[in-house]
Amino acid sequence: MDSRTKRRLSPPELDGLARRALGAGVTESTELTDGYANAVWRLLLDDGRDVVLKLAPSPELDQLSYERNLLRMEAAACELAVAAGVPVATLLAAGFDDPVLGGDYLLFGTLDGVSWNDVKPDGDDALRRELGRHLARFNAVTGEVFGYPHAGITGRTWREAYLAMVGALLADTERYPTPLPRPAAEIGAVLAAAAPVLDEVTTPHLVHFDVWAGNVFLDLSGTPRIQAIIDHERAFWGDPLAEFVTPTIFGELRDDDPLLAGYREVTPLELTPAAWTRLDLYRAYLYLILLVENGPRQYPESEYARARDLSTTSLTDVLDRLVGGAPGSRA
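Residues numbered from 1 in each chain as written. Predicted model: local features only at pLDDT ≥ 70, side-chain atom pairs only at ≥ 80, totals over all residues. Heavy atoms only, no water.

Novice: Mind showing me how you'd approach the packing of aromatic side chains here?
Specialist: Each aromatic ring pair is characterised by the separation of its centres together with the angle its planes make. Applying the stated criterion to the full structure yields 13 aromatic pairs. For the pair Phe 250 and Tyr 287, a centre-to-centre distance of 5.6 Å together with 10° between the ring planes defines the contact as stacked. One end of the pair, Phe 250, is in the loop between strand S12 (236-238) and helix H6 (258-266); the other, Tyr 287, is in helix H7 (residues 273-292), and 37 residues separate them in sequence. You can call Phe 250 partly exposed: its relative accessible area is 30%. Ring-pair connections join several aromatic residues into one group, and the members of that group are Tyr 66, Phe 146, Tyr 148, Trp 158, Tyr 162, Phe 209, Phe 236, Tyr 282 and Tyr 285. (Phe/Tyr/Trp six-rings, centres within 6.5 Å; stacked < 30°, edge-to-face > 60°. Helix = DSSP H or I, 4+ residues; strand = E, 2+ residues; numbered from the N terminus. Buried < 20%, exposed > 50% of the residue type's maximum accessible area, 1.4 Å probe, protein only.)

Novice: Any chance you could explain the pattern of salt bridges here in plain terms?
Specialist: Two side chains that carry opposite charge are able to pair once their charged atoms sit near each other. A full pass over the atoms with the stated rule returns 31 salt bridges. One salt bridge connects Arg 19 with Asp 15, and the closest N-O pair in it is separated by 2.7 Å. In this pair, Arg 19 and Asp 15 both sit in helix H1 (residues 11-22), four residues apart, roughly one turn of the helix. Judged by relative accessible area, which is 45%, Arg 19 ranks as partly exposed. One salt bridge in this structure joins Asp 309 and Arg 308, with 3.5 Å as the shortest N-O distance. The partly exposed category is assigned to Asp 309, whose relative accessible area is 43%. Arg 308 gets classed as partly exposed once you look at its relative accessible area, which sits at 25%. Three or more residues joined by partner-sharing salt bridges are found here, namely Lys 54, Glu 74, Asp 231 and Glu 233. (Salt bridge = Lys/Arg side-chain N within 4 Å of Asp/Glu carboxyl O.)

From the geometry alone we can't say anything about function, so treat these as descriptive.
Structure below.
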């Protein structure tokens, strides 16, 4: 892991932050190293509470354009999710431009469940259907602007915001040269040519855009159920259809997917030819993120090679479909 992407706090700094935010000191701290965007610690407090601290990178550390102020979006998304009835980790405290640290942080209550990524529970289809219901409720939250308002990447329309999001990501390749399957300008042109279909989306909806098994915690104490959806930091305001991209990463959304069935229990959703084109635009955006983010993060080659190769191949397939103008066709 490249140290340029994360901040480090000493034990006294962790203790001071916890006392300011929660009125209790730290008796034990463990850094959690699974993530790459933010620094994360599990803290045991002297009042018995067990909490998780997420600390944003300093502005001078390397990050992508859309990653500015990620924790501010996460705090807002968590509060909105709770209001919508979506299970999330309890947000205990949030600090922005902390006067001592000079940055942003969030403190969450810990979860006693297990990551879906670490287990293969019975009733997987039922859990996927339950996840679909939660995502439909999450996506039902509406806002005032499209895009990433906390990062300053927005648009008056969804098409304008999407192209600004893509443009910011492709511009990041000038700072972090990235091997792409086509030149950045050509990729931007292909996506812009297909983007008029995004005009079907007229209201900004809250989209998590990072719902993979590692970000879903399960309660296995009885019949398996979803305990919480975590890591809302990459959420944006856009098209609810984009929510299906990460849970089907490197694959395709099937009409018989239990995820889709659960979603439809809450919100009607028709997969028209235009919807398939929109999905391809969102897949292209996700695969670009997976390729470009290696610039500032410098993933270990042994861990990143497979994701890079799959992202490159998948992005090529999506671009070919968009150029071919065959919405809904699947290889």
